[in-house]
Amino acid sequence: MDKYDDQQIKELLMKAETQHKGFEILVKQYSEQLYWQVRRIVMTHEDANDVLQNAFIKAWNGLETFHGDAKVFTWISRIAINESIDFVRRQKNMAAISADDEDSHVANTLMADEYFDGDETEALLQEAIASLPEVQRTVFTLRYFEEMKYSEMSERLKTSEGSLKASYHIAVKKISEFFKSHD
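Quick summary incoming for the structure in this document.

Calculation notes
- Residues numbered from 1 in each chain as written.
- Predicted model: local features only at pLDDT ≥ 70, side-chain atom pairs only at ≥ 80, totals over all residues.
- Heavy atoms only, no water.
- Helix = DSSP H or I, 4+ residues; strand = E, 2+ residues; numbered from the N terminus.
- Buried < 20%, exposed > 50% of the residue type's maximum accessible area, 1.4 Å probe, protein only.
- Contact = heavy atoms within 4.5 Å.
- Areas by Shrake-Rupley, 256 points an atom, 1.4 Å probe, with all protein chains shown as cover.
- Phe/Tyr/Trp six-rings, centres within 6.5 Å; stacked < 30°, edge-to-face > 60°.
- Core = buried A, V, L, I, M, F, W, Y, C linked by side-chain atoms within 4.5 Å.
- Axes fitted to C-alpha atoms, helices over the stretch in contact; angles between N-to-C directions.
- Parallel < 35°, antiparallel > 145°, perpendicular 65-115°, else oblique.
- Nonpolar A, V, L, I, M, F, W, Y, C, P; charged D, E, K, R; others polar.
- Salt bridge = Lys/Arg side-chain N within 4 Å of Asp/Glu carboxyl O.
- Polar contact = N/O pair within 3.5 Å; in protein donor to acceptor, adjacent residues only side chain to side chain.
- Left-handed = near helix turned anticlockwise from the far one by under 90°.
- Arc of directions from axis to C-beta.

A short note on the overall build of the protein
Part 1 of the argument: Broken down by element type, the protein carries nine helices and zero strands.
Part 2 of the argument: When the elements of the protein are put in sequence order from the N terminus, they spell out α-α-α-α-α-α-α-α-α.
Part 3 of the argument: Evaluated residue by residue, the protein yields a buried proportion of 44% over its 183 residues.
Part 4 of the argument: Taking as baseline every contact in the protein between residues at least 6 positions apart, the subset at least 24 positions apart corresponds to 62%.
Part 5 of the argument: Roughly 10500 Å² of accessible area belongs to the protein as shown, and the carbon and sulfur atoms make up 49% of that amount.

Structural notes on the packing of aromatic side chains
Part 1 of the argument: Taken as a whole, this structure holds 11 aromatic pairs when the rule is applied.
Part 2 of the argument: Considering the side-chain rings of phenylalanine 23 and phenylalanine 56, the 6.3 Å spacing of their centres and the 85° angle between planes classify their relative orientation as edge-to-face. Here the residue phenylalanine 23 occupies a position in helix H2 (residues 19-42), and phenylalanine 56 occupies one in helix H3 (residues 45-61), the gap between them amounting to 33 residues. Take phenylalanine 23 and phenylalanine 56: they sit in the same class, and that class is buried.

With respect to the side chain of glutamine 37
Part 1 of the argument: Relative to the assigned elements, glutamine 37 resides in helix H2.
Part 2 of the argument: Here glutamine 37 is in contact with Phe73, Ser77, Ile81, Thr141, Leu142, Glu146, Met148 and Arg156, once residues within four sequence places are set aside.

Let's talk about the nonpolar core
Part 1 of the argument: If you look at the biggest cluster of nonpolar residues, it comprises 48 residues, and the most contacted ones within it are Leu13, Leu26, Tyr30, Leu34, Val42, Trp75 and Ile76.
Part 2 of the argument: Listing elements by their share of this core, those giving two or more residues are helix H1 (6-14), H2, H3, helix H4 (72-94), helix H6 (120-130), helix H7 (134-145), helix H8 (150-157) and helix H9 (161-181).
Part 3 of the argument: In this view, tyrosine 30 contacts Asp6, Ile9, Val72, Phe73 and Ile76; residues no more than four positions away in its chain are not counted.

Points about the packing of H7 against H9
Part 1 of the argument: For the pair H7 and H9, the least separation of the axes is 8 Å and the interaxial angle reads 90°. The angle between H7 and H9 places the two elements in the roughly perpendicular class. Contacts between H7 and H9 involve Val135, Gln136, Val139, Phe140, Arg143 and Tyr144 from the former and Leu164, Ser167, Tyr168, Ile170, Ala171, Val172, Lys174 and Ile175 from the latter.
Part 2 of the argument: Class assignment of the residues belonging to the contact of H7 with H9 gives a composition of 10 nonpolar, two polar and two charged.

Brief notes about the pattern of salt bridges
Part 1 of the argument: Applying the stated criterion to the full structure yields three salt bridges.
Part 2 of the argument: Salt-bridge contacts for lysine 10 lead to aspartate 6; the nearest nitrogen and oxygen are separated by 3.8 Å. Of this pair, lysine 10 and aspartate 6 both sit in helix H1, four residues apart, which is roughly one turn of that helix.
Part 3 of the argument: In this structure, lysine 58 and glutamate 83 form a salt bridge, with 2.6 Å as the shortest nitrogen-oxygen distance. Here glutamate 83 lies in helix H4 and lysine 58 lies in helix H3, a separation of 25 residues in the sequence.

What about the side chain of glutamine 136?
Part 1 of the argument: Residue position: glutamine 136 is located in helix H7.
Part 2 of the argument: A polar contact is formed between the side chain of glutamine 136 and the side chain of lysine 174, at a distance of 3.1 Å.

A closer look at the packing of H7 against H8
Part 1 of the argument: Remark: H7 packs on H8, axes separated minimally by 11 Å, with the N-to-C direction vectors making an angle of 140°. Judged by the angle between their axes, H7 and H8 are oblique. Helix-helix and strand crossings are classified by hand; for H7 and H8 the assignment is right-handed. Contact residues: Thr138, Val139, Leu142 and Arg143 in H7; Tyr150, Met153 and Leu157 in H8.
Part 2 of the argument: The residue makeup of the contact of H7 with H8, split by class, is five nonpolar, one polar and one charged.

Comments concerning H1
Part 1 of the argument: If you check which residues of H1 are buried, you get Asp6, Ile9, Lys10, Leu12 and Leu13. Axial view of H1: buried residues confined to an arc of 165°, hence all on one face.
Part 2 of the argument: Its side-chain oxygen 3.1 Å from the backbone nitrogen of glutamine 7, aspartate 5 forms the N-cap of H1.

What follows is the structure in structure tokens.
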């Protein structure tokens with residue numbers, strides 16, 4: 001598969017006669033990277049696939065709102081991250097897990113996931129991340145796993161760099177406390 005640059009994909013998406021091809025290229029080129037962004041927020045393989053599919057559907061249906069102001073990956077990534085956050089919120093609202101069961105729920109789910117290839121420490125890290133509020137979880141995930149700069153995060157999430165830095169540092173502190181309580 002040929003690698004297309006952002007401008008080439010943008011040009012294809014902006015013209016009605018080439019939108020399908022442009023979107024097909026977008027999906028092929030960015031699926032894996034987006035999958036891992038989503039997976040780190042929603043935790044399981046199946047959920048990540050569902051969320052990513054919903055993000056692509058939302059992007060396709062909202063293609064007329066893409067005016068080419070942002071990079072294509074920034075645009076589709078923002079949609080995927082927002083879909084991930086919405087999914088996590090829906091899951092929290094539907095969850096009827098008691099406080100006693102909640103401590104090991106994410107770790108147990110991950111350890112049972114055939115696509116999870118981490119160890120118990122990685123599962124505990126994901127458990128700690130899952131316990132964070134949505135914004136802190138998203139900021140931590142983008143900064144820690146994606147090594148995203150605050151300036152890029154600010155552009156994607158439409159939030160100031162200062163509040164993103166504060167969210168990240170609070171998240172790190174909470175994760176450290178989580179690990180100390182599980183020693």
